Every structure is written in structure tokens, then in C-alpha cells.
Amino acid sequence: MKIQSVGVVGAGTMGNGIAQVCALAGLNVTMVDINDAALERGMAQIHKSLDRLVKKETLSIQAKDLALKQIKTSTSYSDLKGLQLVIEAATENQAIKEQILKQIDALVAPETIIATNTSSLSITKLAALDSHPERFIGMHFFNPPPMMALVEVIRGLQTSDATHAAIIEMAKHIGKEPITVKNSPGFVVNRILLPMINEAFFVLHEGLASPEDIDAGMKLGCNQPIGPLALADLIGLDTCLAVMEVYFENFSDSKYRPCPLLREMVDAGYLGRKTGRGVFQYETL
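Just so we're clear, the structure is a prediction, and the values are computed from it rather than from any experiment.

(A) Representation of the overall build of the protein in the model. The helix and strand inventory of the protein stands at eleven helices and eight strands. A compact globule built from 285 residues should have a C-alpha radius of gyration of about 19 Å, and the protein, at 20 Å, falls within 12% of that. Within the protein, the proportion of its 285 residues that are buried is 47%. A separation threshold of at least 6 residues defines the contact pool for the protein, and within that pool the share at least 24 residues apart is 66%.

What follows is the structure, encoded as C-alpha cells:
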């Protein structure tokens with residue numbers, strides 16, 4: 001199945017980014033959120049993002065205008081009827097996602113593919129809520145979706161080969177590089193990334209080097225664009241801790257034990273950029 005129409009539920013950072021990418025690829029997009037204010041913010045972000053591309057001369061004004069015409073906004077889930085793919089892109093909260101996915105399932109046709117944009121939740125567990133679990137799949141876009149090339153395509157136990165093939169083709173059509181991943185906590189990228197960040201905190205906790213030198217070592221020695229401690233501040237130390245706790249609980253393996261310093265900093269409210277202080281200090285508005 002060649003996907004030409006896409007619904008995106010959620011107009012936040014991930015949702016509006018996914019909608020933009022799909023629209024630029026010529027797909028008809030319906031972006032749904034709970035109120036007009038959320039949709040207006042989402043569209044404003046899309047306008048801003050496209051304007052940056054025009055300014056950089058990587059996108060023509062005509063292409064920008066055409067992409068914007070491809071996006072329809074709505075506060076009604078009924079506008080998802082008749083679409084070939086619906087991507088749920090709400091906040092990373094199990095209960096919220098379950099509620100939204102049940103609403104989508106009740107409205108769309110059996111042949112409509114339903115995908116969830118999640119970085120951690122079980123695709124198999126979410127698929128079990130669907131009346132046609134074989135059509136359910138995970139699509140983990142990376143932030144920001146217009147800039148990041150990778151999409152993790154996650155198969156649940158129930159996901160059919162036809163669903164998987166259609167999503168791989170669609171991801172390539174919108175200019176992404178998909179990788180196929182089995183359902184497991186953290187999937188592939190975060191499964192590797194977060195333990196590395198946690199180990200950087202252990203190195204800091206043990207006093208082996210300063211935060212600046214730890215990050216400089218990883219940037220210069222491993223060619224990383226940002227050091228693991230600065231990246232933790234960007235992600236949010238509370239998020240890093242929560243992910244490590246999920247791994248520790250699910251795998252029952254001590255190698256996923258959260259660093260005590262990471263836990264203590266979260267307890268202190270030093271959460272990173274969003275609080276103005278994490279491993280490093282930042283100016284707050």
C-alpha cells in the first residue's frame with residue numbers, strides 16, 4: 001500500500017514536526033489536537049520552521065506554500081476517517097496514549113494503519129488494545145523531526161509484514177532512513193545512548209575528570225557533536241533517570257543501575273536546561 005494521506009494526533013513539537021515532514025513530501029496531512037489554540041501553536045511552529053528553510057535557500061517559497069496547503073487542522077477525531085495512516089504523537093504517557101489510540105481505533109477503517117510515536121512504550125502492549133492489532137506499529141521519530149533523518153520502525157508481536165512494509169516505504173518517501181527494531185525497552189538508540197550517559201555520570205561521580213573534560217573527551221575522542229553530560233542537560237536529568245529506572249526494572253541487570261549522582265541531582269531539582277541548572281548552569285528567561 002502506497003500511503004498518500006496521513007493523520008497526526010498531537011500538534012506539539014513532535015506532532016507538528018511530523019506533519020511538516022509529511023506535507024513537504026506531498027502527503028495530505030490532517031493534524032488533530034484538543035483545541036484551536038494548540039493547533040495554532042503547532043501551525044505557527046511549522047511556519048517558522050519552513051521560513052528558516054526558505055531563508056537558508058534550501059526550500060523555495062513555492063514549495064513552502066504548497067506544503068502548508070497540504071496540512072488541514074481539526075479538533076475532531078472524525079476527520080481521521082478515510083486516511084491511510086494515523087500517527088499518534090501525544091506526550092510520552094501510557095494512559096494518555098492508550099486513551100487516544102482507543103479513540104482512533106473506534107473511528108478509522110480496518111485497513112488504516114495506526115502508528116504510535118514513542119521512545120519507550122511497549123508496541124505489543126499498545127497493539128493489544130487495537131481491534132486489528134496486526135495494523136499497529138511504532139514509528140519513533142527523533143527530535144526535531146524535520147532535521148533528524150532516523151525513524152525507528154518498531155514491530156510489536158502482532159504487527160503484520162504488510163504493515164511493516166508499508167511503513168518502511170512511507171518513511172523512505174518522506175526522506176527518512178528507517179531501521180527495523182524489535183519491541184524492547186528503549187528500542188535501539190535510547191538503549192545504547194542512555195546507559196552511555198549514565199556511565200558518564202559514574203565517571204563524574206567517581207571524580208575521574210571534570211564535567212568539561214568528560215564532554216571534551218567524548219567530543220574529541222569519539223567525534224560526538226555534543227558531550228554526554230551536556231546532552232543529559234538537554235534531554236532533562238529527570239528523563240534520563242526515569243529511562244534508566246525502566247531499564248533496571250525490566251532487565252533486572254545491575255548494568256542499568258542509575259548513577260547515585262544522577263538521582264541526587266534530580267532530587268535537588270537540577271534537571272538541566274529546563275531549570276537553568278543541571279551538570280552545567282544556563283541562563284533562564
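After that view of the structure, there is still more to cover.
(B) Spotlight on the packing of aromatic side chains. Tallied over the full model, the rule gives three aromatic pairs. Ring centres of Tyr247 and Tyr256 lie 5.7 Å apart, and the angle between their planes is 70°; this geometry places the pair in the edge-to-face category. Of the two residues, Tyr247 and Tyr256, both sit in the buried class. Cluster of aromatic residues (ring-pair linked, three or more members): Tyr247, Phe251 and Tyr256.

(C) Structural detail: the side chain of Asn198. Tracing the backbone shows Asn198 in helix α7 (residues 189-205). A polar side-chain atom of Asn198 sits 2.9 Å from the main-chain amide nitrogen of Cys259. Setting aside chain neighbours within four positions, we find Asn198 in contact with Met244, Arg257, Pro258, Cys259 and Leu262.

(D) Representation of the UniProt feature "binding site: CoA" (unreviewed entry) in the protein within the structure. Within this structure's numbering, the places UniProt gives as "binding site: CoA" (unreviewed entry) are Ser49, Lys56 and Ser119. These annotated residues cover 71 residues of sequence, and their C-alpha atoms reach 30.5 Å apart at the extremes, leaving them scattered rather than at a single site. Judged by its relative accessible area of 11%, Ser49 is buried. Those residues within four positions of Ser49 in sequence are excluded, and the remaining contacts are Gln20 and Pro146. By secondary structure assignment, the location of Lys56 is in the loop between α2 (36-55) and α3 (61-69). By relative accessible area, Lys56 is classed as exposed at 56%.

Rules used in this analysis
- Residues numbered from 1 in each chain as written.
- Predicted model: local features only at pLDDT ≥ 70, side-chain atom pairs only at ≥ 80, totals over all residues.
- Heavy atoms only, no water.
- Helix = DSSP H or I, 4+ residues; strand = E, 2+ residues; numbered from the N terminus.
- Rg over C-alpha atoms; globule rule 2.2 N^0.38 Å.
- Buried < 20%, exposed > 50% of the residue type's maximum accessible area, 1.4 Å probe, protein only.
- Contact = heavy atoms within 4.5 Å.
- Phe/Tyr/Trp six-rings, centres within 6.5 Å; stacked < 30°, edge-to-face > 60°.
- Polar contact = N/O pair within 3.5 Å; in protein donor to acceptor, adjacent residues only side chain to side chain.
- UniProt positions renumbered as here; feature names shortened; annotations may be inferred.

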